[in-house]
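Fold and contact review
Here are the chains, one letter per residue:
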Amino acid sequence: MAFAAKRLDNLPPYLFAEIDRKKAKLIAEGHDVISLGIGDPDKPTFPRIVDAMERAIRRPENHQYPAYEGSPAYRAACAQFMSTRFGVTVDPDTQVLALIGSKEGVANLFPAFVDAGAYTLIPGVGYPVYSGGGVLNDSQSWWMPMRAENDFLADFAATPPEVVAAAQMMIISYPNNPTSAVATPEYFDAAIAYAREHDLLLVHDNAYCDVTYDGYRAPSILERPGALDCCIELFSTSKSYNMTGWRCAFAVGNADAIRTFGTVKSNVDSGIFTAVQEAAIEAFTGPQDEVAEMCELYQHRRDLVMATLDEMGLEYVYPRGTIFMWVRVPDGYTSTDYAEKLLMEAHVIVAAGTAYGPDGEGWFRISLACPNERLVEALGRLRALDA
Ligand SMILES: *Cc1c(COP(=O)(O)O)cnc(C)c1O
């Protein structure tokens, strides 16, 4: 690499590279490859939100630079969402910050809150930006064990004393990508107590709060006592309203942290397109019926996948939320071996667990963001492979 900072050598290898090469070859040979690999909703954004965008984009005042922290109306809508959805009261002026998607938010946490050489405690399997963000600002990651025997609740208490002494931030996320695990109130309380004891900023990535099944209601960590002393939480329109392409999210929580976060972001970006903010106001404050319909659709797909996995005798985490299923690979395979077998023999793409962190070995992830008929076809191929 001629033009590249040395730190980029520390970015994790791209684990899909080999799969992508084989997939391209299969497609070139005329095979029908089905992807259960990607966590991107297959359904369009709800019509009422698109209509709001259509109106907003025609207003010339929306064509100028946005307010980088989010318009007062956008931040008020975020605060209203926190109140109606969770019963959490926040001040829209000091405790809410617009994000251009929570991916941007996660990446900018590192320059805002973690010094070069210091640690961030991150989940043993998680959203890849949690580990990549530290690489980009020369800080270090500590992977908290995340195992089936602990219900995939990241075990912060197992962090060595010398690591936590050098740590400034801890990130957790429930309902969890990739494991689909959910957190208990006791777990949140223990994480808050640990963060306060060790002066850590506790970040809760709540991207899947609205994608839940069987009547399960995913909480905000800000419902817990003391959370506003040490927490910020990230919310996104991406999964709740099928808006991944729009790039619209927000951070909410501790006012000092929100101010610091805003200082970094004001040096990096210039906010969300104001018309998108207006569409998101409609998303947050309008009727939420489509969200329930979306969850029913994913729940139906989840049930189809579970029936197939049961038939195949594969062990999995029973999902009460997210658009993912976390499945144990059969004995005798590594995660990447089994993902490759499914690709080569069934022409079905799944994500190897190791793409999400060291505790992903022995697991693979199936995404439910696949049209029903394609999902049914893919599941038929898996059953045939197994027969
Ligand atoms: C999809 C996802 C996000 C959302 O990212 P956006 O940048 O808001 O689209 C954040 N965190 C996790 C864990 C996710 O899976």
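Here's what I pulled together on the structure shown here. (Residues numbered from 1 in each chain as written. Predicted model: local features only at pLDDT ≥ 70, side-chain atom pairs only at ≥ 80, totals over all residues. Heavy atoms only, no water.)

Assigned secondary structure in the chain consists of 14 helices and 12 strands. Taking 21 Å as the expected radius of gyration for a compact globule of 387 residues, we find that the chain reaches 21 Å, a close match to that expectation. Oriented by its inertia axes, the alpha-carbon framework of the chain measures out at about 60 × 55 × 50 Å. Sorting the 387 residues of the chain into buried and exposed places 55% on the buried side. Partitioning the contacts of the chain with sequence separation of at least 6, the portion at a separation of at least 24 is 75%. (Helix = DSSP H or I, 4+ residues; strand = E, 2+ residues; numbered from the N terminus. Rg over C-alpha atoms; globule rule 2.2 N^0.38 Å. Buried < 20%, exposed > 50% of the residue type's maximum accessible area, 1.4 Å probe, protein only. Contact = heavy atoms within 4.5 Å.)

Taken together, 13 residues sit near the ligand, with D205, S236, S238, K239 and R247 positioned nearest. Between an oxygen atom of the ligand and a main-chain N or O atom of K103, the distance comes to 2.8 Å. Between the ligand and Y208, the relevant distance is 2.7 Å, taken from an oxygen atom to a side-chain nitrogen or oxygen of the residue. Bound to the protein, the ligand loses 94% of the 380 Å² it would expose on its own. For the shell around the ligand, the residue count by class is 4 nonpolar, 5 polar and 4 charged. (Near = heavy atom within 4 Å. Polar contact = N/O pair within 3.5 Å; in protein donor to acceptor, adjacent residues only side chain to side chain. Areas by Shrake-Rupley, 256 points an atom, 1.4 Å probe, with all protein chains shown as cover. Nonpolar A, V, L, I, M, F, W, Y, C, P; charged D, E, K, R; others polar.)

Let's shift gears to the sheet that holds strand β5 (residues 167-172). Here 7 strands make up an open sheet; going across it, the order is β2-β8-β7-β6-β5-β3-β4 and the pairing mixed. With one partner strand each, in any of the chains shown, β2 (96-99) and β4 (140-144) form the two edges of the open sheet. On average, each strand axis in the sheet is inclined to that of its neighbour by 20°, with strand direction left out of account. The sheet contact formed by strand β3 (residues 119-123) and β5 spans 3 bridges and is parallel. (Pairing = 2+ DSSP bridges. Axes fitted to C-alpha atoms, helices over the stretch in contact; angles between N-to-C directions.)

Further remarks concern the pattern of salt bridges. Scanning all chains against the criterion turns up 25 salt bridges. Where D303 meets R302, a salt bridge forms, and the shortest distance between an N and an O atom there is 3.0 Å. Connected through shared salt-bridge partners, D32, R374, E377 and R381 make up one network. (Salt bridge = Lys/Arg side-chain N within 4 Å of Asp/Glu carboxyl O.)

So, about the state of the cysteines. For the structure shown, the criterion picks out 0 disulfides. Free of any disulfide, C209 has its nearest cysteine sulfur in C295, 9.8 Å distant. Among the residues examined, C209 registers a relative accessible area of 2% and is labelled buried. The closest cysteine sulfur to the non-disulfide-bonded C230 is located on C231, 3.9 Å from its own sulfur. Under the relative-accessibility criterion, C230 is labelled buried at 6%. (Disulfide = S-S within 2.5 Å.)

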